[in-house]
Amino acid sequence: MSSIVLFGPPGAGKGTQAQRIMESTGLPQVSTGDMLRAAVKAGTETGLSAKTYMDAGQLVPDHVIIALIEDRIQEDDASNGVMFDGFPRTIPQAEALAGITQVSHVIAIEVPDGKIVSRICGRYTCGNCSMVFHDEFNPTTEEGVCDGCGSNEFKRRADDNADTVLSRLSAYHEQTSPLAAWYEGRGIFHRIDGDRPIDEITTDILNVLE
Ligand code: ADP
Ligand code: ADP
Ligand code: ZN
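It should be emphasised that the depicted structure is a prediction, and the values quoted were computed from it without experimental measurement.

Engineer: Could you give an account of the coordination of the zinc ion (ligand 3), naming the residues involved and the relevant values?
Structural biologist: Each pair of donors in an ideal four-coordinate tetrahedral metal site encloses 109.5 degrees, whereas pairs in an ideal six-coordinate octahedral site enclose 90 or 180 degrees. Bound to the zinc ion (ligand 3) on the protein side are C126 (SG), C129 (SG), C146 (SG) and C149 (SG), at distances that span 2.3 to 2.4 Å. For the zinc ion (ligand 3), the 4 donor atoms in the first shell make angles of 104 to 116 degrees at the metal, so the coordination geometry reads as tetrahedral. Of note, the donors binding the zinc ion (ligand 3) are all from one chain and are spaced C-x2-C-x16-C-x2-C.

Engineer: Hey, could you go over the pattern of salt bridges for me, with residue numbers and the actual values?
Structural biologist: Counted by the stated rule, this structure contains 17 salt bridges. Where E200 meets R196, a salt bridge forms, and the shortest distance between an N and an O atom there is 3.6 Å. Here E200 falls in the partly exposed class, since its relative accessible area comes to 40%. On the basis of relative accessibility, which here comes to 26%, the residue R196 falls in the partly exposed class.

Engineer: Explain the site of ligand 1 to me, and be specific about the residues and the numbers.
Structural biologist: In the vicinity of ligand 1, 19 residues are found, and the nearest of them are K14, T16, R123, F133 and R196. Backbone polar atom of G13 to an oxygen atom of ligand 1: 3.0 Å apart, as the coordinates give it. A distance of 2.8 Å separates a nitrogen atom of ligand 1 from a polar atom in the backbone of R196. The fraction of the free accessible surface of ligand 1 (570 Å²) that becomes covered by protein chains is 92%. Listed by contribution, the elements that provide at least two residues to the shell around ligand 1 are α1 (14-25), β6 (132-134) and α9 (198-209).

Engineer: Explain the sheet that holds strand β2 (residues 29-31) to me, using residue names and the numbers behind them.
Structural biologist: Reading across from one edge, β2-β3-β1-β4-β8 is the order of the 5 strands in this open sheet, with parallel pairing throughout. For this open sheet the edge positions go to β2 and β8 (189-193), each flanked by a neighbour on one side alone. Taking the axes of each pair of neighbouring strands and ignoring which way they run, one obtains an average angle of 25 degrees across the sheet. Judged from the 6 bridges that link them, strand β1 (residues 2-7) and strand β4 (residues 102-110) form a sheet pairing that is parallel. Paired with I4 across the two strands is H105, which belongs to β4.

Engineer: Explain the nonpolar core to me, using residue names and the numbers behind them.
Structural biologist: Within the largest apolar cluster, 29 residues are counted, with the highest numbers of intra-cluster contacts made by F7, F84, V106 and Y183. Looking at this core, the elements that each hand over two or more residues are β1, α2 (32-42), α3 (45-56), α4 (62-72), α5 (91-98), β4 and α8 (178-184). Aside from chain neighbours lying at most four places away, what touches Y183 is P88, A94, L97, V106, I188 and F189. The next biggest cluster of nonpolar side chains, apart from the first, holds 18 residues, and it includes L6, I107, V111 and I116.

Engineer: So what's going on with the site of ligand 2? Which residues, and what values?
Structural biologist: The environment of ligand 2 is formed by 19 residues, the closest being T32, Q58, R89, R123 and R168. Between ligand 2 and the protein, one listed contact pairs an oxygen atom with a backbone N or O atom of Q58 at 2.7 Å. A distance of 2.9 Å separates a nitrogen atom of ligand 2 from a polar side-chain atom of Q93. Surface burial for ligand 2 is 97%, taken as the share of its 550 Å² of free accessible area covered by protein chains. Among the elements that take part in the shell around ligand 2, α2 stands out by supplying 4 residues, more than any other.

Reading guide: rules and limits
- Numbers given for residues are sequential positions, taken from 1 along each chain in its written order.
- Key to labels: chains lettered from A, ligands numbered from 1, both in the order written.
- Since the coordinates come from a predicted model, pLDDT governs what is reported: local features require at least 70, and pairs of side-chain atoms require 80 or more to be given and counted, while whole-chain, interface and lining totals use all residues.
- With hydrogens and water stripped out, all remaining heavy atoms of the structure feed into the side-chain values.
- Here the coordinating atoms are restricted to nitrogen, oxygen and sulfur within 2.8 Å of the metal centre, or 3.2 Å for Na, K and Ca, and because water is not among them the sites may look incomplete.
- Labels for metal geometry use angle windows, namely 85 to 135 degrees for all angles of a four-donor tetrahedral site, and for square planar (four donors) or octahedral (six donors) sites opposite donors over 155 degrees apart plus all others within 65 to 115; sites meeting none of these are irregular.
- Put simply, a salt bridge is a Lys or Arg side-chain nitrogen that is within 4 Å of an Asp or Glu carboxyl oxygen.
- When accessible area is computed with a 1.4 Å probe and restricted to protein chains, residues below 20% of their type maximum are described as buried, those above 50% as exposed, and intermediate ones as partly exposed.
- A cutoff of 4 Å decides nearness: a residue is near a molecule or strand if any of its heavy atoms lies inside that distance of it.
- Think of a polar contact as two N or O atoms within 3.5 Å of one another; within protein, one of them needs to be a possible hydrogen donor and the other a possible acceptor, and neighboring residues in sequence only count if both atoms come from side chains.
- Surface accessibility follows the Shrake-Rupley procedure with a 1.4 Å probe radius. Residue values consider only the protein chains on display as shielding.
- In this description a helix means any DSSP run of H or I spanning at least four residues, a strand means any run of E spanning at least two, and both kinds are numbered starting from the N terminus.
- When DSSP finds two or more bridges between two strands, those strands count as paired.
- Working convention: axes come from line fits to C-alpha atoms, limited for helices to the stretch in contact. Angles between N-to-C directions cover 0 to 180 degrees.
- As used here, the term nonpolar core means buried Ala, Val, Leu, Ile, Met, Phe, Trp, Tyr and Cys residues forming a set that is joined through side-chain atoms within 4.5 Å.
- A contact between two residues is defined here by any heavy atoms of the two lying within 4.5 Å.

Right, dumping it as structure tokens:
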């Protein structure tokens, strides 16, 4: 069993690319952000403890995240590995992951800070199938109709606002970006220019994974 990590700042396109490469890799997408939002919605203990951090654009404590991942990796669909999106985000999380599953590739999607706010503030997702769109950069083909499933219900995240995004970006630089060197030293780190058309990025990622 061998897993893939999609790495990068908020809004880099990790979720977008995960949805596109899921079919080719056969690995399920595991997004800690999605898992936390589901826990908040369900009102679980994990959700209650995570919400304050998420609303403030800060990282949720490592022990909460590691417990979520330990459970998730036990599920049947994870037996051949998974595609992590937004995890690990700290060195302790990466160390814990190393004890849980083998990671074959870390794909770093690089986008300059100056492009992040507009990416985040224009993001919306389908309320039915979770496909990711953008008001300006990646709109639905037909206005108000999801390309993935035809639904006309869309969601925006409460934390996708200009204030929270700056906190999330500084959390990324302070706590997450040091992971790049940690993984580079292990020879599995691949940088992809994420400031290009979505299709080109998908092609590059699939080439790295071949
Ligand atoms: P992440 O999962 O890394 O936070 P998303 O995949 O949700 O990022 O993408 C953030 C926003 O940017 C979404 O609205 C998405 O449609 C848009 N987006 C993704 N990739 C690109 C790209 N290559 N160019 C322009 N916009 C993009
Ligand atoms: P984005 O990719 O746009 O930053 P995510 O959906 O990955 O957003 O994460 C949303 C929020 O959930 C983060 O701001 C953070 O509070 C929390 N979170 C998600 N994944 C992690 C993680 N691995 N470690 C700590 N906090 C996390
Ligand atoms: Zn849909």
